[in-house]
Amino acid sequence: MRTSTKGAGAVAAAFGTSVLASAGLAIVYIAGGSPQVEGALLLVALGGIGVGLVLWAKRFLPVGDDVQEREPLPSTPDERARASDSFGAGADLVARRRLLVRLAVAALGALGIAALFPIRSLGRAPGGALFHTRWRAGVRAVDASGTPVQAASITTGTVVTVFPEGHVGAADSQTLLIGLGPGVYRPVAGREDWAPEGVVGYSKICTHVGCPVGLYQPSEHLLFCPCHQSAFDVLAGARPVAGPAARPLPQLPLTIDPAGYVVAQGDFPEPVGPGFWDRGRD
Amino acid sequence: MTARTAVFVAVALGIATGACTYLSDEPTPFRPPGVTSDVNAEQRGLELYERDCAWCHGSAGEGTSFGPDLNGPLDGGAYTHFMLATGRMPLDDPERRAAPASPRYEVADIDAIVRHVETFGGTGPGVPTPSPAAGDLAEGAELYLDNCAACHSSTAVGGALTSGEVVPDLDGVSPVVVAEAMLVGPGCPNTSRTCGPGEGAMPRFELDEGSVNSILRYIEYLQRPDDEGGAPIGRVGPVAEGAVALGVGVVALLLLARWIGTRTGDRG
Amino acid sequence: MTNAAPGGAGGSRSERERASVSPPGREEPPFQDRIGGWLDERLHLSRFARQALDKVFPDHWSFMFGEIALYSFVVLVLTGVFLAFFFEPSLTPTTYEGPYEPLRGLEMSDAYASTLRLSFEVRAGLVMRQTHHWAALVFTGSIIVHLCRVFFTGAFRRPREINWVIGVTMLLLALLNGFTGYSLPDDLLSGTGLRIMYSVILSVPLVGSWVAFLLFGGEFPAEQILGRLFVLHIFLVPVILGALLGAHLALIWHQKHTQFPEPGHTEANVVGSRLWPTYALKSVGLFFLVAAVLTGLGGLVQINPVWLYGPFDPSQVTSPAQPDWYLGWLEGALRLFPNWEIRAFGFEIPEPFFPAVLVPGITFAVLYAWPFLERRITRDQAEHNLLDRPRDRPVRTAFGAGTLTFYASLFAAASNDLVAHWFELDIETVTWFFRVLVLVLPPAVALLTFMVCRALRDAGDVRLTHLPLSSVWRPGARSTHR
């Protein structure tokens, strides 16, 4: 252990710089604050103390040659026997009354089970919530500002996010309207009239883990999900062609009302979004 | 001032003057005062087009085996200006995909070529004249997050698409160019096939003037955002933050621990 | 030395009182004696205090990794308390009227608005918020480094299996708190992550939709989720973490720390520095250095600029979209796992179940079971207070290195879209590259590690950097180079 003052200068400098930095922090705070200056000063203020303490320990304190013996962790057989006796004696007294013990266990068990019931208050049963959205037959498609969408505005290569009228922002009902242009739509069997005038509608919720499928690439007619890079072929019923999604995006049956607005013919034919255990049952 | 200092100053001044002269713009030719239009622009446009573009696009914009025609439903001022101003055209190699680069021409020359291409008869939109200052910043933020952020990123750093397409970042892109991209939907993947409207890599967004101005104003903000928190480390989110936390934070602390603690063999 | 009354019983109360105060004419006892005396009279502290102050701690620098994690946790709690006074854990919509112009007039949740307020209007708020987030990233990072040190040196063996189990639990809690924490501001990026978590829970067979509806309070996005995340994040998890931390430290204290096999170190002793003054000063110094690095990052390097991401809207998304780094392995698994689903009789096990429930489930099952697994495999029931050098256990070290490589590859795969963007590659190609990497690299690294360990062991006491490459390929050959 050295007691000389050599090396004390560095420690003193560290602490001294820290003091200045702390004073600076107070000033900066009073002056209105600035995150970068605050961060830099905190670095110096805290770092100065840290460096000072470590230098102090390394230069002036015992290096660390101390030795201590370990006591054996397992207790001696004698101690163990005595502990076992202490427990055993009491346990015998209690366990002798078999019926009471069983009743006590039953009481605690029943209470434990009963105590689990309030967990049910945390949420409602899924019920049919995952099987339906807000789309119904005859409901108009509106954009995020609530304005009904004219079919003529969905030109080739246009993509718009829409909701059922009256339910703007309903997360499960978010739908993409895509302009395919005339003659391009290749319907899945039974869906020939679902895309009037080249306007096709698909659920925007990725069937992988539910991110909005926000990227559309008209040159490839692909919808692309940014989360895990699933790609859906818009011309083939939004069938997944790349990435981890295993099911197509559900298609919304569309029609155009006499005023030219895009209108749904009904809800999606299957549950939207990611899969769940009983999704195949309705 | 000693003689040595004087010599030093003189040499420094000499170097500075020489550098300034060498690096300065070429002297501009004389124009009579008050002349604003470049009466030879038409000639210049034709010259440049014949020199650089006609090989692939044909002298009358009719297209060749090397490149598409320039008189289709998408072609016009907007598309042409977009391609030139973002350096996507001219292509050194017609087999290669057009990608953003430094523009090859001066602004005046780009305008001249655009005007020349417009004479080919394409029916696409003309060069738009947006005014971002008239836009509403908050409305622009909302519209940008709704329409643009998914591909271009909420921080405008761009991203990846399928089939090797890359979404460009919006750094340094002028409002006119952004407005053109929204009208035209650029990114035609096949260099020898003409893309019709809405067949590019980017969808088309035909929004009203106010919305366009607002989006442009917000994009201008994104090009120089308030980085209140400090060094923005690329604005790509948790990937960069994780790299810094591990590569800088944890590594620094491991090194500090090595300084503080003992090492095997420190003791005799 | 406290001036306690001689003997214990006997003497009147006033006599005893007088005896416990220094007689007049002598100097005032030192400060620590006055405080110590006051406490000792009430708590019978002296023997414990002496034992504690004299206790020897091995002070190899790699034993400080756990302390880095501990002190990061302390910074998290301190900054967290500050943040909790300002944050509003509610999804109630409000209109923003604060100084950040691009969002003024827009509708957002109270949670998001209060985060903006913290960042732009509360003095020192942004530094606190950013320090808190950097501390979370460093906390989890140092836990992993510490876990690796414990694993590769075999410190989890008897008698320290309990501490290993506690440690793995703390890792799990740290991951959970990190996730709940960065989801609190209700911004577009973290809200997308919350949606992913909801869907992953949905994918659990039989009970998935029930558990998701119970935890969230309904269909996504549910109103109650933010308040629940808040309760988890500032109360439930920190309390359990704190208790486990206490138990973890108490066990180290009681069982004494392990040490490397060096001259003078045996299974029956501890060699190092005494707690007071050396170890205490070094450790407290480390705390200040950890705090310095975290606050330095907190002010100088921007993290989680939620104002650029915008408020969460379930029909919007931004890319690139990654979670915080410590969940990168899960994200990578989600991106790489092929679209295989199991469907029969109207029931299904959706694809996300495999990478996002099964993979972490197996991961933590193996982590928890490791000390017991190794004991069974090596048939080693003995108590170990001396550590292994990694080279002395080539199989364990190789297995650990291969496993680390596996998770590191998954982690790297989480940035496949950034790789595709930066290097202008097709994203499908990049994804396939990572799929191959994840399957091929770990066994290759494991094999190489095994060979290097064996070569190091056979070459005697040689540093890794001085190992001739040829000896790696020729097992058993003693090196002639020195």
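Residues numbered from 1 in each chain as written. Chains lettered and ligands numbered in written order. Predicted model: local features only at pLDDT ≥ 70, side-chain atom pairs only at ≥ 80, totals over all residues. Heavy atoms only, no water.

If you look at the interface, chain B gives 26 residues, while chain A gives 25 residues. On the surface where chain B and chain A come into contact, there are 0 salt bridges. Between chain B and chain A we count 7 residue pairs in polar contact (both at pLDDT 80 or more) in total. Only helix H6 (149-152) and helix H9 (238-260) of chain B provide two or more residues apiece to the side of chain B that touches chain A. (Contact = heavy atoms within 4.5 Å. Salt bridge = Lys/Arg side-chain N within 4 Å of Asp/Glu carboxyl O. Polar contact = N/O pair within 3.5 Å; in protein donor to acceptor, adjacent residues only side chain to side chain. Helix = DSSP H or I, 4+ residues; strand = E, 2+ residues; numbered from the N terminus.)

Under the counting rule described, the total for this entry stands at 25 salt bridges over all chains. One salt bridge connects Arg136 of chain A with Asp267 of chain A, and the closest N-O pair in it is separated by 3.7 Å. With Arg136 of chain A in the loop between helix H4 (98-116) and strand E2 (141-142) and Asp267 of chain A in the segment after strand E12 (262-264), this residue pair connects regions lying 131 residues apart in the sequence. Taking relative accessible area as the criterion, Arg136 of chain A reaches 44% and is therefore assigned partly exposed. Where Glu341 of chain C meets Arg343 of chain C, a salt bridge forms, and the shortest distance between an N and an O atom there is 2.7 Å. The class of Glu341 of chain C is buried, set by a relative accessible area of 19%. What emerges from the salt-bridge pattern is a single network uniting Arg247, Glu270 and Arg279 of chain A together with Glu341, Arg343 and Glu348 of chain C. (Buried < 20%, exposed > 50% of the residue type's maximum accessible area, 1.4 Å probe, protein only.)

Residue and element names in this part refer to chain C. Per the domain assignment, the segments making up chain C are domain 1 (60-260 + 269-318 + 342-382) and domain 2 (390-482). Computed from C-alpha coordinates alone, the two centres of domain 1 and domain 2 are separated by 28 Å. Each partner contributes to the interface: domain 1 provides 10 residues, whereas domain 2 provides 9 residues. Interface area, domain 1 with domain 2, both sides summed: about 840 Å², of which 68% is carbon and sulfur. Glu374 is the partner of Arg396 in a salt bridge, and the nearest nitrogen-oxygen pair spans 2.8 Å. Counting across the domain 1 and domain 2 interface gives 2 residue pairs in polar contact (both at pLDDT 80 or more). Those elements that provide at least two residues to the side of domain 1 that touches domain 2 are helix H6 (125-152) and helix H14 (353-378). Across the side of domain 1 that touches domain 2, the residue classes break down as 5 nonpolar, 3 polar and 2 charged. (Domains from an automatic or database assignment. Buried area = accessible area lost by both parts, 1.4 Å probe. Nonpolar A, V, L, I, M, F, W, Y, C, P; charged D, E, K, R; others polar.)

Turning our attention to the packing of aromatic side chains. How two aromatic rings sit relative to each other is given by the distance of their centres and the angle of their planes. Inspection of the entire model under this criterion finds 37 aromatic pairs over all chains. Aromatic pair Trp277 of chain A and Phe347 of chain C: ring centres 5.0 Å apart, planes at 20°, arrangement stacked. With one member in each of two chains, Trp277 of chain A in the segment after E12 and Phe347 of chain C in strand E6 (residues 347-349) form a pair that bridges those chains. Residue Phe347 of chain C is classed as partly exposed on the basis of its relative accessible area, which comes to 27%. Cluster of aromatic residues (ring-pair linked, three or more members): Tyr144, Tyr218 and Tyr221 of chain B together with Tyr100, Phe120 and Trp307 of chain C. (Phe/Tyr/Trp six-rings, centres within 6.5 Å; stacked < 30°, edge-to-face > 60°.)

Moving on to the interface of chain C and chain A. Facing the 87 residues of chain C at the interface are 75 residues of chain A. At the junction of chain C with chain A, the criterion picks out 3 salt bridges. Counting every contact that joins chain C to chain A gives 28 residue pairs in polar contact (both at pLDDT 80 or more). For the side of chain C that touches chain A, a count of residues per class yields 39 nonpolar, 26 polar and 22 charged. Here strand E1 (residues 66-69) of chain A runs beside strand E4 (residues 269-274) of chain C; their pairing, made up of 4 bridges, is antiparallel. Counterpart to Asp66 of chain A in the pairing with E4 of chain C is Gly272 of chain C. (Pairing = 2+ DSSP bridges.)

Following the criterion strictly, the structure yields 1 disulfide over all chains and no others. Put simply, Cys211 of chain A and Cys227 of chain A are joined by a disulfide, and their sulfur atoms are 2.1 Å apart. Handedness of the Cys211 of chain A-Cys227 of chain A disulfide follows from its S-S torsion of about -95°: it is left-handed. Here Cys227 of chain A lies in the loop between strand E7 (222-224) and strand E8 (231-233) and Cys211 of chain A lies in the loop between strand E5 (199-203) and strand E6 (215-217), a separation of 16 residues in the sequence. With no disulfide of its own, Cys53 of chain B lies closest to Cys56 of chain B among cysteine sulfurs, the gap being 8.8 Å. (Disulfide = S-S within 2.5 Å.)

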